[in-house]
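The chain contents come next:
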Amino acid sequence: MNPLSIQSRRVEVSADFGAVQDYYEQQGWTDGLPVVPATEDLVRKMLLYYGQDPSTSLGVVQPRNAVVTLEKVAINAVMAGCKPEHFPVVVAAVKAAMQPGFNIAGVQATTGGAAPAVIVNGPIAGELGINGDSGCFGPGYRANASIGRALRLFVRNVAGLVPGEMDKATLALPARYTFCFSENEARSPWEPRHVELGLDPSASMVTVMGVRGMYVIMESTSPTGIQVLRTLVSSIRTTGFSNYYQTGTGAQMALVLCPEHAAEIHASGLSKQDVREYVFQNARMPLRRLEGIAHYGNRNWPRWIDETDPDAMVPILSSADDLLVVVAGGDGRHSAWLAGWGVTRMTTQIVEKP
């Protein structure tokens, strides 16, 4: 596989499974786990399902300046364990990650070790069995695992962001193996994300976000939705949280509400937009708690923050619209913050079905 050319090259290796794994590892094409050998037959089946010319270009990806073709994406989808019917979602995720706003070269090379989270909305999530219910961040669902892994293998093998080389993550995240889930639309009291953005309910869409941390918060005591929201917001008013220093570069976050918390917040009369506004107005810290520590030397704040005033309240986001609110997970009253890296934006892409 030559990522700098338009057509992928063919190589012959022993049919022995172990030998294939050793070869892939020697070439630097794996994430450390065994891969499905990308035989011509399996790659062809992946492409035939999608129904477009394998040489179709999706553009050029940085930092390797590589031409991205459907064939190269299909090779990595096969290696990740995807079924052909998963491929339209993989292609949509790759297209979203290649949008300039996502800044793939930056977000995947940073020492912060951000992972690309793929969030799926629309009917295709149910059709493919993409889990958005209990355990949706974890193992046990092939669609979740293979689609998220296909994107990361693409980042490694085509974009050229290899750990220890262009990828300079200090620690990285387990989510860099794979991170894909769907919104739990059936249990959400609000309209799903793709409908919020103006798509028809029958459409399907992916959102790709650069996530540099996951913070799970349990609230099983407060009886009302507004109190639940207060707990969630108070949990991120803490030092060392780099989002507070990167609002000026467009840092974003996601709040993943479990169905119980979402129902309680909705019962308190709050919409998704109300939740975004509440977080923006209340997840603030006085400058004196941020000054001289953590990421202060590289701070980038909006001009309206008075840095001469130690009591100036610094928001965790530059605007309410920089917060993504989705409902996912099952019962148990655990919700989560997904902290974004500072110089990347969430991107979306409609899933084009064959």
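To start, this report covers the structure provided alongside it. (Residues numbered from 1 in each chain as written. Predicted model: local features only at pLDDT ≥ 70, side-chain atom pairs only at ≥ 80, totals over all residues. Heavy atoms only, no water.)

A separate point is the overall build of the protein chain. Counting its regular elements, the protein chain contains twelve helices and eleven strands. Taking 20 Å as the expected radius of gyration for a compact globule of 354 residues, we find that the protein chain reaches 21 Å, a close match to that expectation. Across its three principal axes, the protein chain shows a C-alpha extent of roughly 65 × 45 × 35 Å. The burial tally for the protein chain puts 53% of its 354 residues in the buried class. When the accessible surface of the protein chain is summed, it comes to about 14,600 Å², and 51% of that surface belongs to carbon and sulfur atoms. One way to put it: in the protein chain the 29 positive side-chain charges average out to a point 3 Å from where the 33 negative ones average out. (Helix = DSSP H or I, 4+ residues; strand = E, 2+ residues; numbered from the N terminus. Rg over C-alpha atoms; globule rule 2.2 N^0.38 Å. Buried < 20%, exposed > 50% of the residue type's maximum accessible area, 1.4 Å probe, protein only. Areas by Shrake-Rupley, 256 points an atom, 1.4 Å probe, with all protein chains shown as cover. Lys, Arg positive; Asp, Glu negative; His and termini not counted. Charge placed at Lys NZ, Arg CZ, Asp CG, Glu CD.)

Compared with an ideal rise of 1.5 Å per residue, which puts 16 residues at 22 Å, helix 7 (residues 142-157) spans 21 Å between its outermost C-alpha atoms and is within 8% of the ideal. Burial analysis of helix 7 places 14 of its 16 residues in the buried class, the great majority of the element. (Expected span 1.5 Å × (residues − 1).)

Applying the stated rule across the entire model yields ten aromatic pairs. Between Tyr 50 and Phe 87, the ring centres sit 5.5 Å apart and the planes meet at 80°, which makes this aromatic pair edge-to-face. Of this pair, Tyr 50 sits in helix 2 (residues 40-50) while Phe 87 sits in helix 4 (residues 87-98), and the two are 37 residues apart along the sequence. Take Tyr 50: its relative accessible area is 7%, and that puts it in the buried class. Classification of Phe 87 as buried rests on a relative accessible area of 0%. Three or more aromatic residues joined by ring pairs form one cluster here, namely Tyr 23, Tyr 24 and Trp 29. One residue, Arg 284, lies across the ring of Phe 280, its end atom 4.8 Å from the ring centre. (Phe/Tyr/Trp six-rings, centres within 6.5 Å; stacked < 30°, edge-to-face > 60°. Lys NZ or Arg CZ within 6 Å of the ring centre and 35° of its normal.)

This brings us to helix 2. Along helix 2, the residues classified as buried are Val 43, Met 46, Leu 47 and Tyr 50. Projected down its long axis, helix 2 shows its buried positions confined to an angular sector of 90°, all on one face. The inward-facing, buried residues of helix 2 contact helix 3 (70-80) and helix 4. Phi turns positive, to about 80°, at Gly 51, one or two residues after helix 2. (Arc of directions from axis to C-beta. Contact = heavy atoms within 4.5 Å.)

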